[in-house]
Structures are given as structure tokens and as C-alpha cells.
Amino acid sequence: MAHHAENQSNAAQLTLSPGSLKGRTWERFIQGPDPSLLEDLYIPALGEAIRYDRCCSYFSSSVLAAAARGFARFIERLEALRDKAPLPAVRLIVNEELTEEDVRAMMETGDTSKLEALLRKRLKSPKELLEKERLGMLGWMVKRGFLEVRVGVMRRGQGIVHAKYGIVRDEAGDSVVFSGSGNESSHGLQSNYEMLEVSTSWQDPERLHKYSQEIDSL
């Protein structure tokens, strides 16, 4: 009986009420390093989310620690949804800079070795327990199919994929859209001077449509 009761308790912990982004007022303009970037956007939005799309110039696993409260509820919700969870639930588009010649060779031959070498420099072996836990969480999310990361390189010229915006969706299909200077890193969330503009799908559906089309195209 005790074992049965314990199973019921565990099941109850995974049963979350449907998240609702409409349940709060979202400030249109948010700036960092004021705590509002985390407290008024990332943590509450991710806490109600079942889908998160993000295009950012730079990504670091440190963002998981910075926004841990929001990510924790996000992951709990995905676990509760099980087979009904949208996969991948998190889609990240980040940049890497290659020469035009390297990009052309990669496109023509399919040889991604130079890109892989650059990415390995970014993902250095973790030295601290916290770094290991962050990377371990990313690996777990990839293994479960929750996370997909794509690397954008410019086919022409010397530029990089530099646009920064994100879309958070809840179970009802409502969304919060933000764009601005912030990258997906702990410095971007907690230390840097950043400016973001926020809108919602029920107040500005045209803006959501534009950014949704762009992320799907990329």
C-alpha cells in the first residue's frame, strides 16, 4: 500500500495545470542588467511554456543556470505531457563565422570538418561541477528529443547570423514574442546592458506571424 501511495504521489507531481501566458501582463520594454529580464520575462514565460524558439548570435549552457526556475517548470511540463509534448520543444539557432570559401566548400562537398573544429573550441571540456551539470542537462534534452540546435553560416559575404529574437508558446497556442540585443547566456540575462521589446500573439498577431515564419525558414 505504501508503494502504491508513493506511485500516486509521484504521478501527482508530474501533473501540471495547463500553462497560460495570458495569465499575466507582459511589459513591452525590458532592459538588463535589471532583474526584470529574468523575473518579468524568462522565468514566468518559460514556466508556462511547451515550446521555445530562439535565434541568437551566441548561446551558452550558462543560460540554464541563470533561468533555472523557468527551465525547471518547462521541463516538468514536457515530462507531464509525455507523448503529447511538441518535439523538438526547444529550437535554437546560433551563429558561427566561416570564410566564404569554407562555406562554399561545405555546401558543395558536405564536408563540415572546419565548422566542427570551431564548435569544439566553443564547447570546451567542463572544469567545474556546475558546468558539467549544465552540459549534462543539454545532453539529456537532446537525447529526449526536447532540444535541437542548428548552426547558421552565411552563404555569401563575411557576415554572421546576428538577429536575436525568441518565441514562447503555451498549451493554448498563445505566444510571447521578444526581440532585442540579448544573447542566450547568463551575461545576456544578468550582467549586460540589454534592451528587449516584448509583444503577445493576442495583441500583435502580425509580429508573431513574421517571427514564426522566419524561425521556420531558418
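Anything mentioned here points back to the structure above.
J.: How do you make sense of the overall build of the chain when you look at a structure like this?
T.: When helices and strands are counted, the chain shows nine helices and seven strands. Since a compact globule built from 218 residues should have a radius of gyration of about 17 Å, the 19 Å found for the chain is in line with a globular shape. Taken over 218 residues, the chain has a buried fraction of 42%. In the chain, the share of contacts with a sequence separation of at least 24, taken over all contacts with a separation of at least 6, comes to 74%. Looking at the chain as shown, the accessible area adds up to about 12,500 Å², and 51% of this sits on carbon and sulfur atoms. On the chain, the mean spot of the 29 positive side-chain charges and the mean spot of the 32 negative ones are 3 Å from each other.

J.: Looking at this structure, how should I read the pairing of strand 7 (residues 194–200)?
T.: Looking along a regular strand, one sees the side chains alternate between the two faces of the sheet. Counted residue by residue, strand 7 has five buried out of seven residues, so it is predominantly covered. The pairing of strand 6 (residues 175–180) with strand 7 spans five bridges and is antiparallel. Bridging across to strand 7, S179 finds its partner in E197.

J.: What am I meant to see in the packing of helix 2 (residues 36–47) against helix 4 (residues 68–81) here?
T.: When two helices pack together, their arrangement is given by the angle between the helix axes and by the axis-to-axis distance. Between helix 2 and helix 4, the shortest axis-to-axis distance is 6 Å and the interhelical angle comes to 15°. Taken together, helix 2 and helix 4 sit at an angle that is classed as roughly parallel. Judged by the twist between their axes, the crossing of helix 2 over helix 4 is left-handed. Mapping the contact onto sequence places E39, I43, L46 and G47 in helix 2 and R69, G70, F71, R73, F74 and R77 in helix 4. Looking at side-chain class alone, the contact of helix 2 with helix 4 contains four nonpolar, two polar and four charged residues.

Rules used in this analysis
Residues numbered from 1 in each chain as written. Predicted model: local features only at pLDDT ≥ 70, side-chain atom pairs only at ≥ 80, totals over all residues. Heavy atoms only, no water. Helix = DSSP H or I, 4+ residues; strand = E, 2+ residues; numbered from the N terminus. Rg over C-alpha atoms; globule rule 2.2 N^0.38 Å. Buried < 20%, exposed > 50% of the residue type's maximum accessible area, 1.4 Å probe, protein only. Contact = heavy atoms within 4.5 Å. Areas by Shrake-Rupley, 256 points an atom, 1.4 Å probe, with all protein chains shown as cover. Lys, Arg positive; Asp, Glu negative; His and termini not counted. Charge placed at Lys NZ, Arg CZ, Asp CG, Glu CD. Pairing = 2+ DSSP bridges. Axes fitted to C-alpha atoms, helices over the stretch in contact; angles between N-to-C directions. Parallel < 35°, antiparallel > 145°, perpendicular 65-115°, else oblique. Left-handed = near helix turned anticlockwise from the far one by under 90°. Nonpolar A, V, L, I, M, F, W, Y, C, P; charged D, E, K, R; others polar.

Nothing here speaks to function; it is all geometry.
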